[in-house]
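If you want the building blocks of each chain, they are given just below.
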Amino acid sequence: MDKPEPELVKTYLLDLQDRIMDALLGMDPQAGTTRDTWERESGGGGVSRVLEDGQVFEKGGVNFSDVHGENLPPSATATRPELAGAGFRAMGVSLVIHPRNPFVPTTHMNVRFFHAKKGEVEAWWFGGGFDLTPYYGFEEDAVHWHRVARDACDPFGADLHPRFKKWCDEYFFINHRRESRGIGGLFFDDLQLEGSFAKSLEFLQSVGDHFLEAYLPVVERRLGHPWDDSHRQFQLYRRGRYVEFNLVQDRGTIFGLQSGGRTESILMSLPPLVRWIYNWEPNPGSPEATLYEIFLKPQDWVNWDVDSKTDI
């Protein structure tokens, strides 16, 4: 197993953060922006870049963090009890984008690296992925999203995409609601490809570099779709599911809070407006019902027949 080189990861992640932010601002130059460099009292820090009140993106954040400490939190040691109490370094880029138009999906992406050491025991691994959360479903978007995800994985082995696609479907499942958060994408953790740091980093870079290719064409296709207040109210209702997942289940949120991370940056993923309705159900045959019946269930989108006409 080759020796990990965290500084190579850091250089890539900072560049990725800038490239993604530049691309988002290129689509929404009127959005308000904040660049916030911060330090963590117990070690490390990061750079938070936030979009707000744009014509395209109602709120978004692209966050870089590089933190270290002397006691790896429980959320990272559940499957690694030998590392309990280990010193650690964790770095990553994490983003969530909440568009204004209800026909443009919300998206999340994260790529991260962990390095832990306790006495003679040393471990490193990569994790991350990206997923899409539409409010109104379009086959064309779902097929495109998943085929780009496949393209990110295939150079590293044909088995990776099916495995990481399935992992994503299972991870972004809201247990207390018994429903999926969105249409999935990729999710991976504990990654060491053939025990090689270099090859594992190349895979991480492929996932990070494919994100804009997956997301921006979807935004461009749906940006001008007409919408009214009924669409907006459904968007706000479904955003509630996003909040529930992030606060109750998400490992990244839990790790960040348990490790004493910067709360403002950790919770920048939450949407600016949201609503809950008691015991709401969609009208049969409605576009909202189609979302639940087709798009919020795991599908083989890579091989989907786009002529089946299940769009809204």
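Up top is the structure.
The numbering scheme is per chain: residues are counted from 1 as the chain's sequence reads. Residues qualify for local features only when their pLDDT is at least 70, as the model is predicted, and side-chain atom pairs are given and counted only at 80 or more; totals for whole chains, interfaces and linings, by contrast, use all residues. Side-chain numbers come from the whole structure's heavy atoms, not from hydrogens or water.

Our focus in this paragraph is helix α2 (residues 139–153). Compared with the 21 Å implied by 1.5 Å per residue over 15 residues, the 21 Å span of α2 between its first and last C-alpha is a close match. For α2, the complete set of buried residues consists of E139, D141, A142, V143, W145, H146, V148, A149, A152 and C153. The inward-facing, buried residues of α2 abut β5 (106–118), β6 (121–133), α3 (160–171), β9 (184–191), α4 (197–222) and α8 (287–295). Helix numbers and strand numbers start at the N terminus; a helix is a DSSP run of H or I with at least 4 residues, a strand a run of E with at least 2. The span you would expect from a helix comes to 1.5 Å times its residue count less one. Each residue is placed in one exposure class: buried if its accessible area under a 1.4 Å probe, protein chains only, is under 20% of its type's maximum, exposed if it is over 50%, and partly exposed if it falls in between. Between two residues, a contact is recorded if the distance between any of their heavy atoms is within 4.5 Å.

We now examine the pairing of strand β2 (residues 44–52). Put simply, side chains in a regular strand alternate between the two faces of the sheet. With seven of nine residues buried, β2 lies mostly within the body of the structure. Note: strand β1 (residues 32–39) against β2, eight bridges, orientation antiparallel. Looking at the pairing, R35 lines up with R49 of β2. Taken together, β1 and the strand that follows it, β2, pair antiparallel across an intervening segment of four residues, in which G43 is found at a positive phi of about 135 degrees. Strand pairing requires that DSSP identify at least two bridges connecting the strands. Bridge count between β2 and strand β3 (residues 57–69): nine bridges; the pairing is antiparallel. Of the residues in β3, the one forming a bridge with S48 is N63. Where β2 folds back onto β3 in an antiparallel hairpin, the turn is made up of four residues, including D53, whose phi is positive at roughly 60 degrees.

The next point concerns the environment of D307. Along the chain, D307 turns up in the segment after α8. When the C-alpha atoms of D307 and E140 are compared, they prove to be 9.6 Å apart, with 167 residues separating the residues in sequence.

With respect to the helices, strands and loops of the structure, N246 is situated in helix α5 (residues 229–248). Assessed through its relative accessible area of 5%, N246 is described here as buried. With residues near it in sequence (within four places) discarded, N246 still touches R181, T253, S269 and L270.

Strand order in the open sheet formed by seven strands is β1-β2-β3-β4-β5-β6-β9, and the pairing between neighbours is antiparallel. If you trace the sheet from one side to the other, it starts and ends with β1 and β9, each paired once. Averaged over all adjacent pairs, the angle separating strand axes in this sheet is 5 degrees, with direction ignored. This element, α3, spans β6 and β9 of the sheet and lies at about 100 degrees to β9. Here the axes come from fitting lines to C-alpha atoms, over the contacting stretch only for helices, and the angles between their N-to-C directions go from 0 to 180 degrees. Of the strands in this sheet, β3, β4 (87–99), β5 and β6 are in contact with α5, which crosses β4 at around 165 degrees.

Pairing of aromatic rings covers Phe, Tyr and Trp, the last counted by its six-membered ring, and requires centre-to-centre distances within 6.5 Å; plane angles under 30 degrees mean stacked, over 60 mean edge-to-face, and any other angle means tilted. Summed over all chains, the structure comprises 29 aromatic pairs. Grouped by ring-pair contacts, the aromatic residues F156, F164, W167, Y171, F172, F187, F188, F203 and F245 constitute a single cluster. Criterion for a charge above a ring: Lys NZ or Arg CZ within 6 Å of the ring centre, and within 35 degrees of the ring normal. When the ring centre of Y242 is taken as origin, the NZ or CZ atom of R181, which lies over that ring, is 3.9 Å away. The ring of F138 carries the charged tip of R222 above its face, separated from the ring centre by 3.7 Å.

Right, let's get into the environment of G119. In this fold, G119 is placed in the loop between β5 and β6. Here G119 falls in the exposed class, since its relative accessible area comes to 56%. Placed 23 residues apart in sequence, G119 and A142 show a C-alpha to C-alpha distance of 47 Å.

Further remarks concern unusual backbone geometry. Of note in this structure, D190 is not a glycine but carries a positive phi near 55 degrees. Among the structural elements, D190 can be located in strand β9. Given a relative accessible area of 36%, D190 falls into the partly exposed group. Although it is not a glycine, N279 adopts a positive phi angle of roughly 55 degrees. Looking at the element boundaries, N279 is found in the loop between α7 (263–266) and α8. Using a relative accessible area of 62% as the deciding quantity, one classes N279 as exposed.

Another aspect to go through is the packing of α2 against α4. For the pair α2 and α4, the least separation of the axes is 8 Å and the interaxial angle reads 165 degrees. One finds that α2 runs roughly antiparallel with respect to α4. Relative to α4, the crossing made by α2 is right-handed. Mapping the contact onto sequence places E140, D141, H144, W145, V148, D151, A152 and C153 in α2 and F203, S206, V207, H210, F211, E213, A214, Y215, P217, V218, R221 and R222 in α4. The scheme is simple: roughly parallel for angles under 35 degrees, roughly antiparallel for over 145, roughly perpendicular for 65 to 115, oblique for anything else. Take the far helix as your reference; a near helix turned counterclockwise from it by less than a right angle gives a left-handed crossing, and one turned clockwise gives a right-handed crossing.

Once that is clear, we can look at helix α6 (residues 251–258). An α-helix turns once per 3.6 residues; consequently, residues spaced three or four apart project the same way. Among all positions of α6, only T253, F255 and G256 are buried. In a view along the axis of α6, the buried residues occupy a sector of 165 degrees, so they form one face of it. Where α6 begins, the capping side chain belongs to D250, and its oxygen is found 2.9 Å from the backbone nitrogen of T253. Residue G260 follows α6 closely and has a positive phi angle near 75 degrees. The arc in question is formed by the directions pointing from the helix axis toward the C-beta atoms. Between N or O atoms, a polar contact is any pair within 3.5 Å; within protein, one atom must be a potential hydrogen donor and the other a potential acceptor, and residues adjacent in sequence are included only when both atoms are from side chains.

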